[in-house]
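# Working through the structure, step by step
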Amino acid sequence: MIVIMKPGASEQDVCHVVELVKDYGLKEHVIVGTNRTVIACLGDKRNVDKGAIENAAGVERIVPILAPYKIASREVKKEYTQIKIGDKGFPLGGKKVGVIAGPCSVENETQLLQTADKVAAAGCIGLRAGAFKPRTSPYSFQGLGVEGLKILGKAKEQTGLAVITEVVAVEHIEIVAEYVDILQIGARNMQHYPLLEALGKIKKPVLLKRGMSAQLDEFLLAAEYIINAGNSQVILCERGIRTFEEYVRNTLALAMVPELKEKTHLPVVVDPSHGTGHAHLVPAMCRAAVAAGADGLLIECHPDPEHALSDGAQSITPQALAELMQQIKAIAKAIGRDA
Ligand code: PEP
Ligand code: MN
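Below: a short report on this structure. (Residues numbered from 1 in each chain as written. Chains lettered and ligands numbered in written order. Predicted model: local features only at pLDDT ≥ 70, side-chain atom pairs only at ≥ 80, totals over all residues. Heavy atoms only, no water.)

As a further point, take the pattern of salt bridges. For the structure on display, the rule yields 13 salt bridges. In this structure, Glu60 and Arg61 form a salt bridge, with 3.3 Å as the shortest nitrogen-oxygen distance. Its relative accessible area of 32% is what places Glu60 among the partly exposed residues. Linking Lys263 and Glu259 is a salt bridge whose minimum nitrogen-to-oxygen distance equals 2.4 Å. Placement of the pair is Lys263 and Glu259 together in helix H8 (residues 256–263), with a separation of four residues, close to one helical turn. The partly exposed category is assigned to Lys263, whose relative accessible area is 30%. Three or more residues joined by partner-sharing salt bridges are found here, namely Arg36, Glu60 and Arg61. (Salt bridge = Lys/Arg side-chain N within 4 Å of Asp/Glu carboxyl O. Buried < 20%, exposed > 50% of the residue type's maximum accessible area, 1.4 Å probe, protein only. Helix = DSSP H or I, 4+ residues; strand = E, 2+ residues; numbered from the N terminus.)

Right, dumping it as structure tokens:
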């Protein structure tokens, strides 16, 4: 349930309600809005005396949360959440569409630093590359691990871009968080609950990819795991789902974007690279994603896609990225946003 405070409720009123809620064995999550504060109350409500809470000073009313996910829901928070990205604090989820690009994997220092410069020059806000790679085959390139993180650290220093990389295991979280600004949870780990909970304990944004067979509720419940564990900086990423169709690697579900923007206040980004598997389809899907209301894009970009150690077929070149950025800016402008 949500306790909605009156617009003029004092901090003392809010604290009192929080104490009451805790007395009933519920967990509280206070959301301070521009107009009023609301308190989401989570847990078993059978023994709660709603009347007592409703009578407390500063309380306007109590309403149930109907969605299975709670704190991630727009029933609790109507205003969209903006998450500050990197040292420059780019507000993802605001008016400006943020583009994050980079190679699927960190392959070596030259490859990453050169790509990073091009990504920055194209006007992107972030650089993404994998150091720990969750590959389908154990014989495929598995990433450079900690060496890759160090190279990502250098790229961040060199360009000032926000840096993002995937974390595949709970025991890697500490070291990954030391080098990067945003930690990615890959599609294969969307329901790895101990990993989600462990990422709920860190103070950095988490980019959560939709599982390849996950439904909207499951996706948002995975986000809820992270928020419930203490980290509300969750960015959602639509990256396509597995269907019977074979002309694409995954079927990019762009209708998910406006539906998520209806259901949740969290920022939504789209990954058209994994969402199609083919570089020639990426620009059109980027344009469509922005037109559909995505807050950002995650694009695989490689200086020499033919020789990439992973996902070359879906990687666009830095030159294609620069051209695409101009189109993205034009589409963003047409719908009252910037890029
Ligand atoms: C990736 O981002 O390189 C990746 C492995 O993506 P996904 O988890 O969406 O398959
Ligand atoms: Mn990839």
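What follows continues from the structure just given.
Turning next to the site of ligand 1. Surveying the vicinity of ligand 1 reveals the residues Cys104, Arg128, Lys133, Glu166, Gln184, Gly186, Ala187, Arg188, Lys209, Arg239, His274 and Glu300. One of the side-chain N or O atoms of Gln184 is found 3.0 Å from an oxygen atom in ligand 1. A distance of 3.4 Å is found between an oxygen atom of ligand 1 and a side-chain nitrogen or oxygen belonging to Glu300. Protein coverage of the free-state accessible area of ligand 1, which is 300 Å², stands at 97%. Residues belonging to the shell around ligand 1 are distributed by class as follows: two nonpolar, three polar and seven charged. (Near = heavy atom within 4 Å. Polar contact = N/O pair within 3.5 Å; in protein donor to acceptor, adjacent residues only side chain to side chain. Areas by Shrake-Rupley, 256 points an atom, 1.4 Å probe, with all protein chains shown as cover. Nonpolar A, V, L, I, M, F, W, Y, C, P; charged D, E, K, R; others polar.)

For the manganese ion (ligand 2), the protein coordination sphere consists of Cys104 (SG), His274 (NE2), Glu300 (OE) and Asp311 (OD), at 2.0 to 2.4 Å. Read in sequence order, the donor residues coordinating the manganese ion (ligand 2) give the pattern C-x169-H-x25-E-x10-D. One end of the pair, His274, is in the loop between strand E13 (268–270) and helix H9 (282–291); the other, Asp311, is in the loop between strand E14 (296–300) and helix H10 (318–334), and 37 residues separate them in sequence. Both residues of the pair, His274 and Asp311, belong to the buried class. (Donors = N, O, S within 2.8 Å, 3.2 Å for Na, K, Ca; no water.)

Ordered in space as E7-E8-E9-E10-E11-E12-E13-E14, the eight strands form a closed barrel in which the pairing is parallel. Along the sheet, successive strands turn relative to each other by an average axial angle of 25°, direction set aside. Packing against the sheet, H8 makes contact with strand E12 (234–238) and E13, and its axis sits at approximately 170° to E13. (Pairing = 2+ DSSP bridges. Axes fitted to C-alpha atoms, helices over the stretch in contact; angles between N-to-C directions. Contact = heavy atoms within 4.5 Å.)

What follows deals with the nonpolar core. If you look at the biggest cluster of nonpolar residues, it comprises 80 residues, and the most contacted ones within it are Leu208, Leu236 and Ile299. The dominant element in this core, judged by the number of residues it contributes, is helix H7 (residues 216–228), at seven residues. No fewer than three residues from each of domain 1 (2–63) and domain 2 (83–334) sit in this core. Excluding residues that lie within four positions of it along the chain, Leu208 makes contacts with Ile185, Met190, Leu196, Phe219, Ala222, Ala223, Ile226, Val234, Ile235, Leu236 and Cys237. (Core = buried A, V, L, I, M, F, W, Y, C linked by side-chain atoms within 4.5 Å. Domains from an automatic or database assignment.)

Right, let's talk about the pairing of E12 for a bit. Burial runs high along E12: five of the five residues are buried. Here E12 shows no split at all, with Val234, Leu236 and Glu238 on one side and Ile235 and Cys237 on the other all buried. Note that strand E11 (residues 206–209) and E12 share four bridges and pair parallel. Looking at E12, one finds that Lys209 is bridged to Cys237. The handedness of the E11 to E12 crossover, carried by H7, is right-handed. Where E12 lies against E13, three bridges are found, and the strand directions are parallel. Bridge assignment links Glu238 to a residue of E13, and that residue is Val270. Note that the unit made of E12, H8 and E13 has a crossover that is right-handed. (Right-handed = clockwise from strand over helix to strand, strands pointing away.)

Before going further, it helps to spend a moment on the packing of aromatic side chains. We describe a pair of aromatic rings using the distance from one ring centre to the other and the angle between the two ring planes. Evaluation of the coordinates by the stated rule reveals one aromatic pair. Ring centres 4.3 Å apart and planes at 25° place the aromatic pair Tyr193 and Tyr225 in the stacked group. Taken together, the residues Tyr193 in helix H6 (residues 193–199) and Tyr225 in helix H7 connect sequence positions 32 residues apart. Of the residues examined, Tyr225 reaches a relative accessible area of 32% and is grouped as partly exposed. Directly above the aromatic system of Tyr80 lies the positively charged group of Lys261, at a separation of 4.1 Å from the ring centroid. (Phe/Tyr/Trp six-rings, centres within 6.5 Å; stacked < 30°, edge-to-face > 60°. Lys NZ or Arg CZ within 6 Å of the ring centre and 35° of its normal.)

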